[in-house]
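If you want the building blocks of each chain, they are given just below.
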Amino acid sequence: MAEKFDNLEEHLEKFIENIRQLGIIVSDFQPSSQAGLNQKLNLMISGLQDIEKCRQQLHEINVPLEVFEYIDQGRNPQLYTKECLERALARNEQVKGKIDTMTKFKSLLVSELGKVFPEEMVKYKAIHGEDVPS
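Rules of the game
- Residues numbered from 1 in each chain as written.
- Predicted model: local features only at pLDDT ≥ 70, side-chain atom pairs only at ≥ 80, totals over all residues.
- Heavy atoms only, no water.
- Phe/Tyr/Trp six-rings, centres within 6.5 Å; stacked < 30°, edge-to-face > 60°.
- Helix = DSSP H or I, 4+ residues; strand = E, 2+ residues; numbered from the N terminus.
- Lys NZ or Arg CZ within 6 Å of the ring centre and 35° of its normal.
- Salt bridge = Lys/Arg side-chain N within 4 Å of Asp/Glu carboxyl O.
- Buried < 20%, exposed > 50% of the residue type's maximum accessible area, 1.4 Å probe, protein only.
- Patch = residues over 30% accessible without salt bridge, like charges linked within 9 Å, V, L, I, M, F, W, Y side chains within 5 Å.
- Areas by Shrake-Rupley, 256 points an atom, 1.4 Å probe, with all protein chains shown as cover.
- Lys, Arg positive; Asp, Glu negative; His and termini not counted.
- Charge placed at Lys NZ, Arg CZ, Asp CG, Glu CD.
- Expected span 1.5 Å × (residues − 1).
- Contact = heavy atoms within 4.5 Å.

**Overview of the packing of aromatic side chains**
Enumeration according to the criterion identifies one aromatic pair in this entry. Aromatic pair Tyr70 and Tyr80: ring centres 5.8 Å apart, planes at 80°, arrangement edge-to-face. Of the two residues, Tyr70 sits in helix α3 (residues 65–72) while Tyr80 sits in helix α4 (residues 78–116), which places them 10 residues apart along the sequence. Over the face of the ring belonging to Tyr70 we find Arg75, whose NZ or CZ atom lies 4.1 Å from the ring centre.

Set out below in structure tokens:
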């Protein structure tokens, strides 16, 4: 899979360089440079065809729209991954806290119910496989 990305990257770099050179030719156009301009235009077309071939190999890749928003804002797209991981860790800590709280609540509830309904709680603990105090 990495070689597909490397191939696409190589074609994109060549295409960008070709566009840069095309811009130089166009900005200082002389009738004598028409042949060079035609050659660069043909290279641009073949470069687009090469990129299209690479795109077909990578059609199954899905990129979150937020990544493109990061790029549009001039931010590093790797920050998206970092921030997603940070949000996941924060959410994981929240959920773990809730689980811990519910576990403590259950323990306290069983303890208090055992004081009020001792016989029923012995049966409950026996059914649920919890230790029954002797």
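Here the narrative resumes.
**Some remarks on the pattern of salt bridges**
In this structure the tally under the stated criterion is six salt bridges. Ionic pairing is found between Arg55 and Glu52, a salt bridge with its closest N-O pair at 2.7 Å. Here Glu52 and Arg55 lie together in helix α2 (residues 34–57), a separation of three residues that amounts to about one turn. Given the relative accessible area of 32%, Glu52 is considered partly exposed. Among the salt bridges present, the one from Lys96 reaches Asp100, with a minimum N-O distance of 3.1 Å. One end of the pair is Lys96 and the other is Asp100, both in helix α4 and four residues apart, which spans about a single turn. Classification of Lys96 as exposed rests on a relative accessible area of 52%. A residue is classified by how much of its surface remains accessible, and Asp100, at 33% relative accessible area, is partly exposed.

**Remarks on a negative patch on the surface**
Residues Glu3, Asp6, Glu9 and Glu13 make up a contiguous surface patch of negative charge. Checked against the element boundaries, Glu13 lands in helix α1 (residues 2–27). Of the residues examined, Glu13 reaches a relative accessible area of 49% and is grouped as partly exposed.

**Notes on α2**
The end-to-end C-alpha distance of α2, which contains 24 residues, comes to 35 Å, matching closely the 34 Å that a straight helix rising 1.5 Å per residue would cover. The complete set of buried residues in α2 reads Leu37, Lys40, Gly47, Ile51 and Cys54. At its buried positions, α2 is contacted by α1.

**Things to note about α1**
The first and last C-alpha atoms of α1 sit 37 Å apart over 26 residues, in line with the 38 Å expected at 1.5 Å per residue. Along α1, the positions that sit buried rather than exposed are Leu8, His11, Phe15, Asn18 and Leu22. On the buried face of α1, the contacting elements are α2.

In short, the description is geometric, and any link to function would need to be established separately.
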